[in-house]
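As a plain string of letters, each chain reads:
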Amino acid sequence: MTGPSIRQQEQEAASVMATLAPEALGERLRLARMRQGRSIRELADAAGLSKSSIVRLEQGGGTYPMTIVKVCAALGLHVARLRDPE
């Protein structure tokens, strides 16, 4: 069995972004990163993004669904888990 396609993940990320305030989304990703003991730079490198993209995301700035997909993949986190407050 294979996982969701990139397109499906991107749609899921867009759905999450539509239901969560950007600040809440950023906080959940920041907490996931910190739980793993990773720096912003480590996450940025793993996700193939710039450090400033991660900072902006964690601070609740605007982003694209694909950015969320990349960050979640780098964290080993399913996009839908972002809906969970824990």
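Every value quoted in this text rests on a predicted model; they were computed, and no experiment measured them.

Caption draft 1: Spatial organisation of the overall build of the protein chain. Scanning the protein chain from terminus to terminus reveals five helices and zero strands. The order of α-helices and β-strands along the protein chain, N terminus first, is α-α-α-α-α. Whereas a compact globule of 86 residues would reach a radius of gyration of roughly 12 Å, the protein chain reaches 12 Å, a difference of no more than 12%. Projected onto its principal axes, the C-alpha positions of the protein chain cover 30 × 25 × 25 Å. Counting the 86 residues in the protein chain, one finds 30% classified as buried. Counted over contacts in the protein chain with a minimum sequence separation of 6, partners at least 24 positions apart contribute 67%. Per element, the accessible surface of the protein chain, about 5100 Å² overall, is 53% carbon and sulfur. Looking at charge distribution, the protein chain has the averaged site of its 12 positive side-chain charges lying 3 Å from that of its 9 negative ones.

Caption draft 2: Local environment of the packing of helix 3 (residues 40-47) against helix 4 (residues 51-58). The interhelical angle for the contact between helix 3 and helix 4, taken along N-to-C directions, is 110°, at an axis separation of 8 Å. Our classification of the angle between helix 3 and helix 4 gives roughly perpendicular. Relative to helix 4, the crossing made by helix 3 is right-handed. Touching I40, R41, L43 and A44 of helix 3 are K51, I54, V55 and E58, all from helix 4. Residues belonging to the contact of helix 3 with helix 4 are distributed by class as follows: five nonpolar, no polar and three charged.

Caption draft 3: Representation of the pattern of salt bridges in the model. This structure, assessed with the given rule, holds four salt bridges. For E12, the salt bridge identified is with R83, shortest N-O distance 2.4 Å. Of this pair, E12 sits in helix 1 (residues 6-19) while R83 sits in the segment after helix 5 (65-75), and the two are 71 residues apart along the sequence. With a closest N to O distance of 2.7 Å, E27 and R30 form a salt bridge. Of this pair, E27 and R30 both sit in helix 2 (residues 22-35), three residues apart, roughly one helical turn. With relative accessibility at 24%, the residue R30 sits in the partly exposed group.

Caption draft 4: Here's a closer look at helix 2. An ideal rise of 1.5 Å per residue puts 20 Å on 14 residues; helix 2 measures up with 20 Å between its terminal C-alpha atoms. Considered for burial, the residues of helix 2 that qualify are L25, G26, L29, A32 and R33. Angularly, the buried residues of helix 2 cover 125° about the axis, an arc narrow enough to put them on a single face. The inward-facing, buried residues of helix 2 contact helix 1, helix 3, helix 4 and helix 5.

Caption draft 5: Inspection of the confidence of the model for the protein chain at higher detail. Confidence in the prediction for the protein chain averages 93 pLDDT; 95% of positions are at 70 or higher. No element of the protein chain has a lower mean pLDDT than helix 1, at 93, and none a higher one than helix 3, at 98.

Caption draft 6: Spatial organisation of the nonpolar core. In terms of nonpolar packing, the biggest core is built from 20 residues, with L25, L29, I68, V71 and L82 touching the most fellow members. Contributions of two or more residues to this core are made by helix 1, helix 2, helix 3, helix 4 and helix 5. Sort the elements by how many residues they give to this core and helix 5 lands first, with six residues. Residues within four places of L82 in sequence aside, it is in contact with V16, L20, L25, R28, L29, I68, C72 and L77.

Reading guide: rules and limits
- Residues numbered from 1 in each chain as written.
- Predicted model: local features only at pLDDT ≥ 70, side-chain atom pairs only at ≥ 80, totals over all residues.
- Heavy atoms only, no water.
- Helix = DSSP H or I, 4+ residues; strand = E, 2+ residues; numbered from the N terminus.
- Rg over C-alpha atoms; globule rule 2.2 N^0.38 Å.
- Buried < 20%, exposed > 50% of the residue type's maximum accessible area, 1.4 Å probe, protein only.
- Contact = heavy atoms within 4.5 Å.
- Areas by Shrake-Rupley, 256 points an atom, 1.4 Å probe, with all protein chains shown as cover.
- Lys, Arg positive; Asp, Glu negative; His and termini not counted.
- Charge placed at Lys NZ, Arg CZ, Asp CG, Glu CD.
- Axes fitted to C-alpha atoms, helices over the stretch in contact; angles between N-to-C directions.
- Parallel < 35°, antiparallel > 145°, perpendicular 65-115°, else oblique.
- Left-handed = near helix turned anticlockwise from the far one by under 90°.
- Nonpolar A, V, L, I, M, F, W, Y, C, P; charged D, E, K, R; others polar.
- Salt bridge = Lys/Arg side-chain N within 4 Å of Asp/Glu carboxyl O.
- Expected span 1.5 Å × (residues − 1).
- Arc of directions from axis to C-beta.
- pLDDT = per-residue confidence, 0-100.
- Core = buried A, V, L, I, M, F, W, Y, C linked by side-chain atoms within 4.5 Å.

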